[in-house]
Amino acid sequence: MSGSARGVLAGYVGTMAILVIANFALPAFHPILWSAIGYSSVAAILLGVHLHRPRRRAPWLLLAAAVGCFITGDLAADVLTRLLHRPGSPSVADGFYLAMYGLIAAAFVWLYRLGVVRRDPAGLFDAITLTAGLGLLSYIFLIRPYVDNPELSALDRAISIAYPLADIVVLLVGARLIASVRFDTAVALLAVGGVGLLSSDVGYGLHQLAGDWATGSPVDIGWAAFYVLWGVAALHPSMRELTEPRVQRAGEERLGRLLLLGLSLFIAPIVLFVEMRGGQVRDAAAIAAVSALLSGLVLLRLGRAVRAQRLTVQRERRLRSAGAALLLATDADAVARTVREAVAELLPPGRPHAVTLGPALGGRVSMPYTSTLDPAVAAALDDFEVALCCPLALADGSAAERALYVAADEAILAGLQDAAQILATQAAMALERIALGEEIGRRNNEAYFRTLILNTADVILIVGADDVVNYASPSAQALFGADLVGTALPAAFAGESAAEVGRRLAEVRSGAADRPGDDLQVSGADGRPALVEAAFRDLRDEPTVRGVVVTLRDVTERSRLQAELYERATFDALTKLPNREVFLTRVQEAVASGAETGATVGVLIVELDDFKVVNDTFGHGAGDALLVAVGQRLTEALRAVDGSYGAAGTVARLGGDEFAALVRRAGSPGDVERVAERVLASFKAPFELDHGTVTATASIGVATTAEAGTAQELLRHADLAVYVAKDAGRDRWRRYESSLHSAVVERHKLRADLDRAIADKGFLLHFQPIVTLADDRTRGFEALVRWNHPTRGMVPPEEFISVAEESGLIVPLGAWVLSNAMTAAAQWRIAYPAEEIYVSVNVSARQFRSPDFAQWVLAEVERLGLPPGGLLLEMTESLLLHDDGEVAAELAALRQAGVRIAIDDFGTGFSSLSYLRRLPVDVLKLDKSFIDTVVSSSEQYAVVNMIVQLARLLKLQVVAEGIETAAERELLVEMGCDHGQGYLFSRPLSYGDASLWLSDDSSGPQRGGRTAA
């Protein structure tokens, strides 16, 4: 504060003190002294505006006008009452008084909007809360008495009520301003003066209601304080700060503020309690309204707090994103661009703003006027009056040289302060990192290249005019095992590589371009040969080199890997035979050569029969060993016929258990057929493996250039032929004929029709009764699928089941059969509960191994309400003997739930009877081939009898299939066979006929058989 301003302030305070004391000491001179006090306050405010020149004068001029209205109203009231002896109200004085309140409210609102203050939405709710509580008291003690007074005219009542309401408005805006600005001297003086004004207004209102009001009472002290303190506030230098832009941090909640709010919230309940104690609640409506208002304010403040937290999280997320982008910035322009993008995201959408980096003003965050900044910075910030300046503080704490400037609306800048400072810190760290990186790169550039040369794995040599090495990098010692300096370079290489090095040195010295050839060979440090890749460059004209620079790279390991990769790409890893790609290339070469010489070229595709059985029985290790042995056997077989029926060609493994052999330069297709016979004969001898002796057969497909003109056709024809060989019974060969193609096409068409039939559910389900042999009572049915083809008629199962197995369609087909069979069994159980009928369904190995098969079966059983014992699943022996964890777990789940398991066609597979004790089965189904000769063959009778007796010992049921004569049935009964099925009892029946069959069976003894409708 300057000396003149301090003197003016002291003179004003002294003068006002004299006037106030004189006013209360000399009541007779009250109008004169009181007017002097009021108009002195007005003069002080105007003088303060002139002396301190605030950024915006209008709010202070409004305050001066308000004080002027107030003292003018006092003067008018005194003239009316003291000189003219007329009532002071209603009068022109009321107009001045009420105008004063409006001017004060406008000035406070203006001050709040002008200054860059702490935008505290909670302050508004707190101000309304405080005002609502005090407003309730004002209503009860000041407003309602006037409302209830019948003696007052409407004008008197309106004016009397207007004063308390005006006080409430001033209290609201004043509390809002004080809660939002930084508390300094001018703010404190305005606040105390305002409290004096409101206190005296309340005292005046109470005295007026009591009828004992008199001028010069202690109530005037509040008004006197109002006049004096507002003048002091205007004369104090801190008045200028109210409209100045400045950085202000959001403060924590103060205890006093919280206590004041708490007391405000309790005003309504206290008033209600007091009136209830008095025996009459007169202000219930007002109390309820204020309570509702206060509750709403509390909820709004909580909502604002939640929203503020959400905005804070969003801002933190944006700052993290900006920090990540700054980490990727590689220069100052990228940092500036990232900062501009980050500020745009931090500001409300669509708000105009400007961002730039420029010289720092100091070490603190500030809000300078744009006109006071560096001209380049001011130009970049457009026409904004105020900017936010955030220094780019360095990590070492030194003074910042640059700062982030953001120009926008002042209210927006107030909310951006903290985020902009964090962003400036991140930008400073990014710029420091970039600068340090550039400096380190500049300083270490030379050391980097020196280290690179000394530590590179490549060998760098400088060779003089006499081919002597003048310089060798340290890596040369590791490659050559000796120091090459002073040694002739060609002498360091082995064999023909030495001459190649001499040639290339001579070429580059003559000005020709270096022509790299094959890799060069050197004797490595450990005595083993090494391969190197060399590059020669003539740098004799370079002053720092003056020689031929030879760069050598050890490619020994790379060459080894290339050879290994080539072998993996062309040879089968297991059998070491060529793979399909190599075989196809050899066939193409043979076909091209045969076309020139007229020789016949043949291709044999060899596929092992039942190879999966070997894997299932002996394990995959035995299967791999068998594949290796088959490859060797095929190679030996072709060598044995070499020259007899043509030239032996390539033996290859095409994949899985499929092999191929090439016969070149055969005299005729018959010679190729004879080779196929010799190869097939080579499989007669068993294979001696470490896992034991294994007998294997093969199916062979033969194709020759008599029917094919290209290698691809040869392989395709041979594939078709081997397919026919397998279909014909395996362990044989077949040569491709044109008719085979039609058969394969027909089979593919059958597969397509089968696929469509499964989608359209075009199948039928028949049921063959399973009866107790002792009394012919029906115990169950075997479900048998039938396909009534729309053009072929009834297709036998043996034709389409194999196609379904090969194509995988057996899985959806089997699911359809299982679901419909269980549905039929469930219905029969309901219709004939005493019979306990079950249904037997054959399940293929592929179907059983489909994902979650057991879970699906159990879910269907539960869905249909079928007891688990009403389902019998028939499995093949090969599936049950495949003892892996998956099969065991699935079977255990089914049997634990009560589903029974049967071995279908028992005795026709590869099993041993000793397996029965550990297999999870309940029923053995004897194949029809056993039953057909049980009457005519005593040996067959003994075999069947042994199986039945063994099953009884193991507590397994036996179902004999294919019983067609009474003699067969009688023998089976004598043996103790439990159940049977066959044409003797009934052919397969439709669902309707099977239901009639059960009806007849339940009503009495059966007579004769029935056939399917």
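About the cut-offs
- Residues numbered from 1 in each chain as written.
- Predicted model: local features only at pLDDT ≥ 70, side-chain atom pairs only at ≥ 80, totals over all residues.
- Heavy atoms only, no water.
- Helix = DSSP H or I, 4+ residues; strand = E, 2+ residues; numbered from the N terminus.
- Buried < 20%, exposed > 50% of the residue type's maximum accessible area, 1.4 Å probe, protein only.
- Axes fitted to C-alpha atoms, helices over the stretch in contact; angles between N-to-C directions.
- Parallel < 35°, antiparallel > 145°, perpendicular 65-115°, else oblique.
- Left-handed = near helix turned anticlockwise from the far one by under 90°.
- Contact = heavy atoms within 4.5 Å.
- Pairing = 2+ DSSP bridges.
- Core = buried A, V, L, I, M, F, W, Y, C linked by side-chain atoms within 4.5 Å.
- Polar contact = N/O pair within 3.5 Å; in protein donor to acceptor, adjacent residues only side chain to side chain.
- Salt bridge = Lys/Arg side-chain N within 4 Å of Asp/Glu carboxyl O.

Draft legend 1. View of unusual backbone geometry. Phi at R546 takes a positive value of approximately 55°, unusual for a residue other than glycine. Tracing the chain through its elements places R546 in the loop between strand 7 (529–539) and strand 8 (547–554). Its relative accessible area of 56% is what places R546 among the exposed residues. Even without being glycine, D852 reaches a positive phi, approximately 55°. The topology assignment puts D852 in the loop between helix 25 (845–848) and helix 26 (853–864).

Draft legend 2. Expanded view of the packing of helix 30 (residues 938–953) against helix 31 (residues 966–975). Remark: helix 30 packs on helix 31, axes separated minimally by 9 Å, with the N-to-C direction vectors making an angle of 40°. As the angle between them shows, helix 30 and helix 31 are arranged oblique. Regarding helix 30 and helix 31, the two cross each other, and that crossing is right-handed. Contacts between helix 30 and helix 31 involve Y941, V944, N945, V948, Q949 and R952 from the former and L971, L972, E974 and M975 from the latter.

Draft legend 3. Main features of the sheet that holds strand 3 (residues 402–407). With respect to topology, three strands assemble into an open sheet ordered 1-3-2, the strand pairing being antiparallel. What marks the edges here is a single partner per strand, and that holds for strand 1 (354–359) and strand 2 (387–391). Strand-to-strand twist of the sheet, defined as the mean angle between neighbouring strand axes without regard to direction, takes the value 25°. Where strand 1 meets strand 3, six bridges bridge the pair, whose relative direction is antiparallel. Within strand 3, the residue paired with L357 across the bridge is L404.

Draft legend 4. Layout of the nonpolar core. Of all hydrophobic cores here, the largest spans 72 residues; its most connected members are F763, L871 and L873. Element by element, the count of residues in this core is highest for helix 24 (residues 810–831), at 11 residues. Apart from the residues lying within four places of it in its own chain, the contact partners of F763 are L754, A757, I758, V785, R786, W787, F800, L813 and W816. The next biggest cluster of nonpolar side chains, apart from the first, holds 58 residues, and it includes A64, V170, L198 and M239.

Draft legend 5. Layout of the side chain of E874. Along the chain, E874 falls in strand 20 (residues 871–875). At 2.3 Å, the side chain of E874 forms a polar contact with the side chain of S840. Only 2.7 Å separates the side chain of E874 from the side chain of K925, close enough to count as a polar contact. E874 has contacts with E782, S840, V841, N842, V843, A902, D904 and K925, leaving out every residue within four places of it along the chain.

Draft legend 6. Molecular detail of the pattern of salt bridges. One pass over the full model with this rule turns up 23 salt bridges. The salt bridge involving E860 is made with R863; its shortest N-O contact spans 2.8 Å. Note that E860 and R863 are positioned in helix 26 at a spacing of three residues, about one turn of the helix. Under the relative-accessibility criterion, R863 is labelled exposed at 54%. Overlapping salt bridges bring together E782, E874, K925 and E961 as one network.

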